[in-house]
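Summary of the model geometry
Chain residues, written in single-letter form:
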Amino acid sequence: MLKKYLMPFVAILLLSGCAASTNTLDISPKIQLPQQDPSLMGVTVSVNGADQRPDQALAKVNRDGQLVNLTPSRDLRFLLQEVLEKQMTARGYMIGPNGAVDLQIVVNKLYADVTEGNVRYNITTRADISIIAQAKNGNKQVKSYQSVYNVQGAFSATNDKITNAVDSVLADVINDMANDSSVNSFIKQNAR
């Protein structure tokens, strides 16, 4: 009698566990904003994003004998475009079309290399992001930001652990962007 009720209950638990797993990573890195530049007087820049990665997966993991692609919940080019717009606004720029300088933020590489053993996991995340500044006078500057983040732990690399690793490497790149004044200097020199 107990077996009659226990088997469907176990089946429901197993199926609910399968339904709860997702192949989407909710990427939301910490955004650092730069200091305001008081010398900027109404300079407008345009900002757009591009994703140059050959594969849209952020990670590929082996789950129950199958290779699973983990993708971001949000388009990375729009996420990073939003970050760059916030940073430029914090510096004192206005964002709009037909700006004095066109900025493009490009995702060259963003990937979490996940390896799992019997009792340990290793996640190495790499990011390579470029900002291309193109002035109306024809001058151009390309500034690249790279970062590597590694984390190891016990048991398996869950989606949350992979998400945290991707968020960490992106936060490092965003921090570097906020602290770098070379793009700001280029805009000030070429926005006349």
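Under the annotation held in an unreviewed UniProt entry, the protein carries the name Lipoprotein and is attributed to Candidatus Sodalis endolongispinus.

**Here's the deal with the overall build of the protein**
Within the protein one finds four helices and eight strands. Of the regular secondary structure in the protein, the N- to C-terminal order runs α-β-β-β-β-α-β-β-β-β-α-α. Out of the 192 residues in the protein, the part that is buried amounts to 39%. Put simply, of all contacts in the protein between residues at least 6 apart along the chain, 75% involve residues at least 24 apart. Carbon together with sulfur atoms contributes 52% to the accessible area of the protein, which is approximately 10,900 Å² in total.

**Re the nonpolar core**
Residues Leu103, Leu110, Ile162 and Ile187 are the most contacted members of the largest nonpolar core, which totals 45 residues. Top element by residues in this core is helix α3 (residues 159–179). It accounts for eight residues. The contacts of Ile187, once residues within four sequence positions are left out, are Val43, Val45, Met88, Tyr93, Val101 and Leu103.

**Thoughts on the side chain of Asp37**
Considering the arrangement of structural elements, one finds Asp37 in the loop between β1 (24–25) and β2 (44–51). Among the polar contacts listed, one links the side chain of Asp37 to the side chain of Asn184, at a separation of 3.2 Å. For Asp37, the contacting residues outside a window of four places in its chain are Arg91, Asn184 and Lys188.

**Quick look at helix α2 (residues 76–91)**
Three- or four-residue spacings in an α-helix give side chains the same orientation, since the helix completes a turn every 3.6 residues. Here α2 contains 16 residues, and its C-alpha end-to-end distance of 23 Å stays within 8% of the 22 Å for a straight helix at 1.5 Å per residue. For α2, the complete set of buried residues consists of Leu76, Leu79, Leu80, Gln81, Val83, Leu84, Gln87, Met88 and Arg91.

**Brief notes about the pairing of strand β7 (residues 120–135)**
Note: strand β6 (residues 101–116) against β7, 15 bridges, orientation antiparallel. When the sheet's bridge partners are listed, Val107 is paired in β7 with Ile129. Two successive antiparallel strands, β6 and β7, enclose a turn made up of three residues. Looking at chain direction, β7 and strand β8 (residues 140–154) are connected through 15 bridges and run antiparallel. Paired with Thr124 across the bridge in β8 is Asn150. Between β7 and β8, which pair antiparallel and follow one another directly, the connecting turn spans four residues, one of which, Gly138, has a positive phi of 100 degrees.

**Focus on the pairing of strand β3 (residues 59–63)**
For β3 and strand β4 (residues 66–72), the ladder comprises five bridges, and the chain directions are antiparallel. Looking at the pairing, Lys60 lines up with Asn69 of β4. Once β3 ends, the chain turns through two residues before running back antiparallel as β4, passing Asp64 with a positive phi of about 55 degrees.

**Re unusual backbone geometry**
The backbone phi angle of Asp64 is positive, close to 55 degrees, even though this residue is not glycine. In this fold, Asp64 is placed in the loop between β3 and β4. Under the relative-accessibility criterion, Asp64 is labelled exposed at 82%. Even without a glycine there, the phi angle at Phe155 is positive, about 70 degrees. Structurally, the position occupied by Phe155 is in the loop between β8 and α3.

About the criteria used
Residues numbered from 1 in each chain as written. Predicted model: local features only at pLDDT ≥ 70, side-chain atom pairs only at ≥ 80, totals over all residues. Heavy atoms only, no water. Helix = DSSP H or I, 4+ residues; strand = E, 2+ residues; numbered from the N terminus. Buried < 20%, exposed > 50% of the residue type's maximum accessible area, 1.4 Å probe, protein only. Contact = heavy atoms within 4.5 Å. Areas by Shrake-Rupley, 256 points an atom, 1.4 Å probe, with all protein chains shown as cover. Core = buried A, V, L, I, M, F, W, Y, C linked by side-chain atoms within 4.5 Å. Polar contact = N/O pair within 3.5 Å; in protein donor to acceptor, adjacent residues only side chain to side chain. Expected span 1.5 Å × (residues − 1). Pairing = 2+ DSSP bridges.

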